[in-house]
Amino acid sequence: MHVPWVPPCPGFAAHRARNLTQGAGASGRPLGPVRRAQGRTTSAAPVVVLGGGAAGLLAAMTAGRRGRPVILLEKNAVLGKKIRISGGGRCNFTNISENLQKAYHSSLPEGELVEEVQSDGSFFQKAFKRYPPEKFIALVESHGIKYHEKKLGQLFCNKSARQIVDMLQQECLAASVDVYTEASGSEAGRFRVVYSKEEETKELHAEAVVVACGGLSYAKTCGATDLAQRLARSFDLKVSGVRPGLVPLRLDPNAWTRSLTGVSLQVAASIGNMSFEEQILFTHQGISGPAVLQASSYWYDHDHPKALRLDLLPYMNEEDVLHWLQRRAESCRNRQSQRRMPASEELARKLPRRFADGFWIHEVSQRLHVSPSAGLEDLEISSLKDLAALLKSWEVSVIGTEGYPKAEVTCGGVSTQELSDETMECKKHPGLYFIGEAVDVTGWLGGYNFQWAWASGFAAGAVC
C-alpha cells in the first residue's frame, strides 16, 4: 500500500540496548533490507513502537506474540521509568473496584471552551472488555509476583515496582521484540522513524507505528516530552486540552492556610460535579492529598476556573451539622463555668485544632460578621445555618497547579474522536496508533491509568 510522506517531526531517538548487528536485531531476526548512504542505515520494520513505558511494552509484547517483527524505541536508558517510581516504588498496577467504567474522562479539543466531559464509558468499554484487570492480574500471577489490595480496589506489588518492569521485559524478550534505548535526538514521519545511534542515523520504514510516548508528567525524573502531541498535530489530528492531572493545587501565597502546612483531614473535595471523599493535606504551596489530586484533573486555568469546594464534614448531611451546632450552642449557654469557650474549640471536636482555629478566625468570623472571640452561643439561628452551610461547602480559591513536575498524569492528548475504540488506530491514517497517556483518556488515582495503558496497548498490539 502506498502511503504519502508527511513532514518529519523532531524529538525522538534511541540507541540499541544491546547486541546490535547489521541487518538483525537482538533476537537475531532480520529487520529487512539494509542500505548505507550518507551515514544513514535504512531498515524495514513491520511494527515500530515509540515509547517503552506501560502502554508501549504491553503493545510490543502483544504484537510480538502474534509473530509480528517489532522494534521498540525508548529515549531513556532503561525501560518503564514511570512504572518504577509509581505507587511509592510498589506500582499500583490496576484496580479491581466497580468504578472502572466511570473512572475515566476526556476533554474537548483545543480551540473550544475547555470543559471536562464525564465519559459514559462508551469509548473505553471495548478496550476494557478485551483486556480487563483480570487479564493483567493473571499475567502478574504467572510470573509469581505477589501483590495485595491496599484500599478502594488498588492492587500493589508486595515487593517492588521493578517486578512489573522485569515481567514486561521478559515477555517482550520471549516475543522476540527488539529493544532500543537511550535517546539523543531524531525525527519521525508517517511510516518512517528516524533515530540516532551513537553518531549514525538510522531510518526505519514501518507498516505500523504505535505512539506510546506518554505525556509531560515527571519530565525531569522520567524524561517525558510532548512528542506524542507534536506527532499528532503533524498528522493534523485533534489534540484535546493538555494540562497536568492528579496534581497538587496552589493557593494564594498570602492565604491563611499557609499556616496549616502538615495538617490533614478527611473531606469531600469537589470541582464541578465531580467529588472525591478522601484525605487532604495542606502544604507550603497550597493543598494536596488524594482527594485534591483526584479533583485537580477537573480544574482548568482559564478566564473562569472552576472553584474547589471542600465538605469538611462529609460523614454528616447539612441538617445533621446544623442540629449538632444547635446542641453545642445550647450546651454552651447552660455551662455553669463562667469561662467562655471560643467557637473554634467547639469546631475542634470535629476538625483538627490548628485548622479549626484558623477556619473560625479567617473564614467564619469574616463571612458571618461575628467576633473572632465569639462562642457558638452568641450566634443566632440564621448564623448557625450559615456556619453549617460553610462547613459543608467551603469554597477555596485556587490560583494554579504545581505543574507537570508534580503531576502524576497528563490530562488531554489525542482526541478519542480521532481513534478507533476497538484498535486505537487513527481513522484518518491507517497504520498509525496512539495508546496510553498519549490519548485523551485520564483515569482516577488508584491504578486506573495503568489499566488504561494495559488495555489500550493490548488493543493496538492485537492488530498492528
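Residues numbered from 1 in each chain as written. Predicted model: local features only at pLDDT ≥ 70, side-chain atom pairs only at ≥ 80, totals over all residues. Heavy atoms only, no water.

Going by an unreviewed UniProt entry, the chain carries the name Aminoacetone oxidase family FAD-binding enzyme and comes from Durusdinium trenchii. Under Cofactor (unreviewed entry), UniProt gives the following word-for-word description of the chain: "FAD". (UniProt positions renumbered as here; feature names shortened; annotations may be inferred.)

### Quick notes on the sheet that holds strand E10 (residues 154-157)
Taken in spatial order, the three strands make up an open sheet running E6-E10-E9, and their pairing is antiparallel. Both edges of this open sheet fall to strand E6 (92-95) and strand E9 (147-149), since each of them pairs with a single strand only. Adjacent strand axes in the sheet meet at a mean angle of 25 degrees, parallel and antiparallel pairs treated alike. Across three bridges, the pairing between E9 and E10 is antiparallel. Opposite glutamate 149, over in E10, you have leucine 155 as the bridge partner. (Pairing = 2+ DSSP bridges. Helix = DSSP H or I, 4+ residues; strand = E, 2+ residues; numbered from the N terminus. Axes fitted to C-alpha atoms, helices over the stretch in contact; angles between N-to-C directions.)

### So, helix H11 (residues 353-368)
The largest bend along H11 reaches roughly 40 degrees and is located at tryptophan 360. Looking one or two residues past H11, histidine 369 carries a phi angle of roughly 55 degrees, positive in sign. (Bend = angle between axes of the 7 residues up to and from the residue.)

### Re the pairing of E10
Because side chains alternate across E10, one face comprises the buried residues Gln154 and Phe156, and the other comprises Leu155 and Cys157, equally buried. Examined bridge by bridge, E6 and E10 share three bridges and lie antiparallel to one another. Bridged to threonine 94 within E10 is leucine 155. Here E9 hands over to E10 after four residues, with leucine 152 in that stretch at a positive phi of 50 degrees. (Buried < 20%, exposed > 50% of the residue type's maximum accessible area, 1.4 Å probe, protein only.)

### Concerning the pairing of strand E18 (residues 274-282)
Across eight bridges, the pairing between strand E17 (residues 264-271) and E18 is antiparallel. When the sheet's bridge partners are listed, valine 267 is paired in E18 with glutamate 278. Turn length for the E17-E18 hairpin, with the two strands adjacent in sequence and antiparallel, is two residues, and the turn residue glycine 272 shows positive phi of about 65 degrees. Count of turn residues in the E18/strand E19 (residues 286-288) antiparallel hairpin: three residues.

### A short note on the sheet that holds strand E16 (residues 249-251)
Strands in a sheet are paired, the pairing made by backbone hydrogen bonds, and the direction either parallel or antiparallel. With respect to topology, seven strands assemble into an open sheet ordered E21-E20-E17-E18-E19-E16-E22, the strand pairing being antiparallel. The outermost strands of the open sheet, each flanked by one partner alone, are strand E21 (394-396) and strand E22 (398-401). Across the sheet, the axes of successive neighbouring strands diverge by a mean angle of 40 degrees, strand direction being ignored. Each of E18 and E21 touches H11; the most contacted strand, E21, lies at about 95 degrees to it. (Contact = heavy atoms within 4.5 Å.)

### Structural notes on the packing of aromatic side chains
Tallied over the entire structure, the rule returns 21 aromatic pairs. Ring centres 6.1 Å apart and planes at 35 degrees place the aromatic pair phenylalanine 276 and tyrosine 298 in the tilted group. Separated by 22 residues along the polypeptide, phenylalanine 276 in strand E18 and tyrosine 298 in the loop between helix H8 (290-296) and strand E20 (308-311) bring together distant segments of the chain. Residues phenylalanine 276 and tyrosine 298 agree in their burial class; the two are buried. Through a chain of ring-to-ring contacts, three or more aromatic side chains come together here, namely Tyr104, Phe123, Phe124, Phe128, Phe276, Tyr298, Trp444, Tyr448 and Trp452. Above the face of the phenylalanine 156 ring, lysine 150 is positioned so that its terminal group lies 5.2 Å from the ring centre. (Phe/Tyr/Trp six-rings, centres within 6.5 Å; stacked < 30°, edge-to-face > 60°. Lys NZ or Arg CZ within 6 Å of the ring centre and 35° of its normal.)

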